[in-house]
Structure formats: C-alpha cells, structure tokens
Amino acid sequence: FGGKITEGTLELFALDESRRDITICNLDAKLPRARYEKVKKLIIGDGICSFAKEAFWNYSALESVSFGADVTELLARAFYNDFQISTLTVDERNEHYKCIDGVIFSSDLKTLVLYPSGREDAYYEIPSHVEIVGEQCMLCASLRCIKFGSNVKKICSMACYNTYRQHHFYVDPAVSEFE
C-alpha cells in the first residue's frame, strides 16, 4: 500500500489496482511522530480492507476519518487514544458498513460499529434498528448519557470503554446479553 501526507491529511491507498485485501498494522511505528501527530484527516482509500487494533494509536489531532469502499473489517480500537474524531464517513459503495449522521453501522444497520469520539453531543440514544452495540464502538466518547433501547439485545465487550464524563447509562431490561 501507499500513502501521502499533505496539509494535515493522510491518504492511504492500494498501489496496485488489482489488490483489494490490504491490512494496515500500527502505522504510527512507520511514520515519524512529528508527522502523524499533525494528521487531522485520514482517508482510507480503495484497496484497504482492514486495520489492526491500535493501527492509528495516538493520532491525537485526528478529527475526520473516511472509510473506502473496500473496508470489510472496521475495528473501533484501531483509533484508541484518538479523542478528537468528530466526523466519520463511509464510501457509499461499501457493502459492509453504512454511515448515518456520522455514526457507523453494519450494512444491515443492526450493529453499532463506531461512534465519533470527539463529537460534542451530551446525549446519545441508540437507534431503534440496533440490536448489537459493538465492541469498543464508543471508545473514548465524551457523552454524558447513553440510552440503550428495547431493541438492543447485546452489548459487546467494552462498548463504552473510556467514555469520559460519563454519568448515566439507561439500559432497557430487554437487553439480555452483556460481554
């Protein structure tokens, strides 16, 4: 894969158009700290399908992430310690994920996959179409209150891990599985 940094934007892409199966691992280890600490926008281009946990560890200035059409495995923990992310988007051609109002869901909308950690909302109600709240999907979010509705059946491991300023969780009794 290849990449370029220009004016605070890091764009990653497949160098060979025929490759659509690239996994990104610990990218910060491959870039000088002074370069990735200034990245505000990350574009995961075509050809990149997944990234390892903590792949973008400590991109402290990161505000926006765009996921390409070929992303098949999106792990929230790839963005651990990235507290400023307020904008998330997914390419409309992506068959695995959908983005609604800046929040990423599985393509069938039944799993909440990633909530933008830097969004300034104080309250978030899990949409009624969600049945599974994904692993670390609200990692480092600054929400004060989260309401898990009656359609939520499962809350995965560390779904709200490191949610700062968190004061209230409202969990409907219908939620039957906690990891």
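What you see is a predicted model; the values in this text were computed from it and never measured.

Each value, and the rule that gives it
Starting from 1, residues in each chain are numbered consecutively following that chain's sequence as written. In keeping with the model being predicted, local features are shown solely for residues with a pLDDT of at least 70 and side-chain atom pairs are shown and tallied solely at 80 or more, while totals for entire chains, interfaces and linings include all residues. Note that the side-chain values use all heavy atoms of the structure and ignore hydrogens as well as water. Put simply, buried Ala, Val, Leu, Ile, Met, Phe, Trp, Tyr and Cys residues joined by side-chain atoms within 4.5 Å make one nonpolar core. Using a 1.4 Å probe on the protein chains alone, a residue whose accessible area is under 20% of its type maximum counts as buried, one over 50% counts as exposed, and one in between counts as partly exposed. Under the DSSP-based scheme used, a helix requires at least four consecutive residues in state H or I and a strand at least two consecutive residues in state E, with every element numbered from the N terminus. Note on definitions: a residue-residue contact is assigned when non-hydrogen atoms from the two residues lie within 4.5 Å. Definition used for salt bridges: Asp or Glu carboxyl oxygen within 4 Å of a side-chain nitrogen of Lys or Arg.

A. Region of interest: the nonpolar core. Counting residues in hydrophobic clusters, the biggest one holds 25 residues, and the most contacted among them are F56, F67 and F79. Within the residue set of this core, elements represented by two or more residues are β2 (9-13), β4 (41-44), β5 (48-51), β6 (64-67), β7 (87-90) and β10 (111-114). With near-sequence residues (within four places) excluded, F67 lies in contact with I44, F51, L74, F79, L88, T89, V90, D91, I104 and L114.

B. View of the pattern of salt bridges. Evaluated as defined, the whole model comprises four salt bridges. Of the charged contacts, one joins D46 and R93 as a salt bridge, the two residues approaching to 3.0 Å between their closest N and O atoms. Linking D46 in the loop between β4 and β5 with R93 in the loop between β7 and β8 (97-100), this pair joins segments that are 47 residues apart in sequence. Here E135 and R77 are joined by a salt bridge, their closest N and O atoms 2.5 Å apart. Placement of the pair is E135 in the loop between β12 (132-133) and β13 (145-148) and R77 in the loop between β6 and β7, with a sequence separation of 58 residues. Looking at E135, the relative accessible area reads 37%, which means it is partly exposed. Among the ionic contacts, a cluster of salt bridges with common partners joins D46, D91 and R93.

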